[in-house]
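This is what each chain is made of:
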Amino acid sequence: MTGGRPDPEPGVERIQTLLGGAAAREVVLPGPGSETGRCLEVTPPDLDAVQALVRVAREERLRLRPVGAGAGLHLLPPWGSGPVPEPDLLVSLRAFQGVKDYEPADLTLRAGAGATLDSVEQTVAVHGQMLPLDPPGAGEVTIGGVVAMGTAGPLVTGFGRPRDQVLGLEMVDGRGRHLALGGRVVKNVAGFDLVRLMTGSRGAFGLILGASLRLFPRPVVDRTLWWRVDDLGRAARMGRRLAELPFTLPALEVQDRVGQEGLETSTGGGGEGEGAPAGVMVRLLGSESASRRLERELRNAAGAPDATLDGRASADAALSRSRVEATGVTSLLVQVLPDRSERALEVLARALGSNRLERSHVALRPAAGTLRVWGDELVAGPEAGEVLGALEEAVREIGGSVRLLAGRAPAEGRMAGARPSAAVAGLHRELRRAFDPDGILPGAWREGWR
Amino acid sequence: MDSELQARLIEAVGPGAVLTDRDRLLVYESDGLTQYRYAPSAVVLPGSTDELSRVVGILHSAGHPFVARGAGTGLSGGALAVDGAIVVGTTRLNRILELDVPNRRARVQPGVVNAHLTRAASPHGLHYAPDPSSQSACTLGGNVAENSGGPHCLKYGVTCRYVTGLTVVLPHGEIVELGGMGREDGGLDLVGHFGGSEGCFGIATEIEVALLPLPEGARTLLALFDSLEAAGAAVSGIIADGFLPAALEIMDSETIRAVEASVFAAGYPEDVEAALVVEFDGVDDGLDEELEAARQRCLDGGATEVRVAAGADERAALWRGRKKAFGAMGRIAPDLLVQDATVPRSRLPEVLGKIREIGDRYGLKVANVFHAGDGNLHPNLLFDRRDEEEVSRVERASREMMEVCIEAGGTITGEHGVGIDKRKYLSLVLSDAVLEAMAQVKEVWDPAGLCNPGKVLPDGVRPPETAEER
């Protein structure tokens, strides 16, 4: 993998000298997908330092990996097989903090890449506003991480994907160019859309320093309705029934036991059905009248909920579910058309077998057809590769896709992964080359996938 | 066009689908922005993705430039056939291929008219949210190319939010599938990147979009003000109060007079300086309260009168005036330059004042009708293109207006695109490095530079050229 690459040590030393020792520390590489080892992490203090660092990396052919909260880029690249390219240097963007250009009447702000969702949320909450981004990992995820990964959470149903909330971003690309893309207004079609290209690009094009984001008025009501269900399949059916109601629900989730722990904690547990193996949650965000009406419709369709959480408790329970989704050594993402959600769950149960499934955790978004599965032993054991191969084939048969987000290398070797056509692969390759001709930001890419 | 190329195109699509007659080509020499005219050397109208792919392949191998065109309602000259380009029209690709009600999605050909999709979906309780003012004529292929907005984008977002998958004919003729609901390959968001590329990256031949449940109810009011700035301030006030209306639209006195003098008259009083349309939609419960809060905000902000639409007919009448405003302006001047820029919402009152001052200074009639909730301004500059001196004043005033918007933290186009008209302004808002990066992505998608040449990027902007830089 490193054949033909120069020894990274001198380059790493040059960067250390450039930034001064105080800005560097040795850390353990995060993530189960990596060949765990130690790596130097540097924290450039400003734009000039980032550009200087990239210049040295180009000259020395170093591989950089940007890090925020450490929740994202160690995850497995989407295509092909083989391990994640190991970085020579981690670049923390935590020096890029804070919220700028926040004018509440505009419902927009600019935040540094190192700012956490929590910190932004606190800033805007004071003005009765919200940032509807809830990727796995909850409030600890950084703005840079959200942009780089582009991962949506349950609020995608009501508010759209992260790419729809990112109005602009600031980055230093693999050529060392400082690029201020997009803007801070909600409608902007000045030139080709590079903001959407970068959002979800997994750090492949550059180091993201900050982003302009769209905000929403914080609704008067934040209410979670929760139904305990005695079987995951039944919960999925109920979830689909609610997804088909003629309203856009802000968030609708089906979770197994672990996803409900936050709810049990918030409600103090107890009552009939405590510890139920599955549950359906609907989060209502809106005016009091509208929320009451939706609640009535939901009760008509699904019966009285087992619990209702309001305000802070509703938000906290959502954060708790989001946090738990970011745990586990291995995780899978299954995507199907929404009306095939129940079938996807059946396929998953068949392929993994009940033992494996019981040791893992499942979250389903029935309005989006997104199924996340995670756990420490999801694909453990010598037959793991075969299990994943079978799952992939079965999901493909129902028209969907499956992707290993994090996992042990032996297991992933058996998955074919999504295979882009040669033309699409060519577009990816050339776009990447345009911004990173020396391959110093392998981020999303595996060696030799093309 | 040489006869051999013509023969090959006819072979690909049939003789009736290749237009070369000068009179028929005249229809294609302009789009919604009428001050530019470029006659294409031919128009080809493929009837399927395969035919379109063959046509593009033939043009690519012949080295002949081409430009896609839908209904020709674009307002930045994006579909004009510069340099003798051949127009590839999507008129015949006008079928809704699939209406998938359980998954709330549709797959359409690019020539489907925007409003026709909602018309087809509404019996199933669904609609397609982005609603450009030209929705009764504009096509979805054009909407994707321009990432079009519309009055209701304040709440619902613009076209790209709803595009989930594309079948694209690349500029050398190859067909590729990008994205698609129910599939997630984890790769780059090429669907989002293609959106708004103004026909410069290829031609979308199938478009998959997400549909939404029809809102159960809607409430609309019209607030009248004796200053444009006061109407702008009311818009900021409504948002600051924590409401997200479906639409917040402003028309100034010039626009109101034009509308009222036209067949689209909506009963707006002609002696006011600004009219603000506010609409809420969604679950019926609570809409009355929201409307009342907005009504109060308008009155507190100096509205001289607030009219609440009593029913669907009155709502439709209020909207008719707004949606037909551009058409109505044909009565007051022979020509119209629709400007398009976005500013942060809180800067609206100040920017509106400056735009009026620029218009006055240049002795131009300026009519404003715009998406105030998004801060998306549309100053309409009225003129007569036969008067060269006036045309020159329009040019200079436009540039100053763009500069004012940029100075306020805004941008040079919110929804009409750069096309041919705004290339000259792009460097006001984007750095050289960003322009260079845009030239690079254009080259990646269209290495031969045949796909809608002369659009978006200013002259002289190029990717880095030296071998070691590549």
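As the structure is a prediction and not an experimental result, all values here were calculated from the model.

Cut-offs and rules
- The written sequence of each chain sets the order in which its residues are numbered from 1.
- Chains carry letters from A onward and ligands carry numbers from 1 onward, assigned in written order.
- This being a predicted model, a pLDDT of at least 70 is required before a residue's local features are given, and a value of 80 or more before pairs of side-chain atoms are given or counted; all residues contribute to the totals for chains, interfaces and linings.
- Note: side-chain values were computed over all heavy atoms of the structure, leaving out hydrogens and water.
- Elements are defined by DSSP. Helices are runs of H or I of four residues or more, strands are runs of E of two residues or more, and each kind is numbered from the N terminus.
- Buried residues are those whose accessible area, probed at 1.4 Å on protein chains only, stays under 20% of the maximum for their type, while exposed residues exceed 50% and partly exposed ones sit between those limits.
- The criterion used for residue contact is that any of the two residues' heavy atoms lie within 4.5 Å.
- Using a 1.4 Å probe, accessible areas were evaluated by the Shrake-Rupley method; residue-level cover was limited to the displayed protein chains.
- Taken over C-alpha atoms, the radius of gyration is set against a globule rule of 2.2 Å times the number of residues to the power 0.38.
- To estimate how far a helix should extend, the number of its residues minus one is multiplied by 1.5 Å.
- Pairs of N or O atoms are called polar contacts if they sit within 3.5 Å, as long as, within protein, a hydrogen donor faces a hydrogen acceptor (for residues adjacent in sequence, only side-chain-to-side-chain pairs).
- At least two bridges found by DSSP between two strands is the condition for calling them paired.
- Whenever Lys or Arg places a side-chain nitrogen within 4 Å of a carboxyl oxygen from Asp or Glu, that contact is recorded as a salt bridge.

Looking at the overall build of chain A
Looking only at helices and strands, one finds 15 helices and 19 strands in chain A. Counting across all 450 residues of chain A, residues that qualify as buried make up 63%. Across chain A, contacts joining residues at least 24 apart in sequence account for 75% of those joining residues at least 6 apart. Surface accessibility of chain A: about 15,800 Å² in total, with carbon and sulfur atoms responsible for 48%.

Focus on the overall build of chain B
Scanning chain B from N- to C-terminus turns up 17 helices and 20 strands. A globule of 470 residues ought to have a C-alpha radius of gyration of about 23 Å, and chain B, at 22 Å, matches this closely. In terms of overall dimensions, chain B has C-alpha extents of about 70 × 55 × 50 Å along its principal axes. Look at the contacts in chain B between residues 6 or more apart in sequence, and 72% of them connect residues 24 or more apart.

Some remarks on helix H15 (residues 388–407) of chain B
All names here are of chain B. Given a rise of 1.5 Å per residue, 20 residues ought to cover 28 Å, and the 29 Å separating the end C-alpha atoms of H15 matches this to within 8%. Among the residues making up H15, those that are buried are Glu390, Arg393, Val394, Ala397, Ser398, Met401, Met402, Val404 and Cys405. With a side-chain oxygen lying 3.2 Å from the backbone nitrogen of glutamate 389, the N-terminal cap of H15 falls on aspartate 387. Looking at the residues trailing H15, positive phi occurs at glycine 409, about 90°.

Some remarks on the pairing of strand S6 (residues 105–108) of chain B
Residues and elements named next belong to chain B. Strand direction decides the pairing type here: strand S5 (residues 96–100) and S6, joined by four bridges, are antiparallel. Within S6, the residue paired with aspartate 100 across the bridge is arginine 105. Taking the residues that link successive antiparallel strands as the turn, the S5-S6 hairpin has four residues, and the phi of arginine 104 there is positive, at about 50°. As paired strands, S6 and strand S10 (residues 203–210) are joined by four bridges and run antiparallel to one another. From the neighbouring strand, arginine 105 faces S10, where its bridge partner is alanine 210.

With respect to the pattern of salt bridges
Across all of its chains, the model carries 65 salt bridges over all chains by this definition. Salt-bridge contacts for glutamate 436 of chain B lead to arginine 177 of chain A; the nearest nitrogen and oxygen are separated by 2.4 Å. With one member in each of two chains, glutamate 436 of chain B in helix H17 (residues 432–445) and arginine 177 of chain A in the loop between strand S8 (166–173) and strand S9 (178–182) form a pair that bridges those chains. Residue classification places arginine 177 of chain A among the buried residues on the basis of a relative accessible area of 9%. Aspartate 281 of chain B is the salt-bridge partner of lysine 155 of chain B, the closest N and O atoms lying 2.7 Å from each other. A residue pair is termed long-range when its members are at least 10 positions apart, and lysine 155 of chain B in helix H6 (residues 153–156) and aspartate 281 of chain B in strand S14 (residues 274–282) qualify at 126 residues. Relative accessible area serves as the criterion here: at 9%, aspartate 281 of chain B is assigned to the buried category. Each of Arg161, Arg163, Asp164, Asp193 and Arg196 of chain A together with Asp189 of chain B takes part in a single network of salt bridges with overlapping partners.

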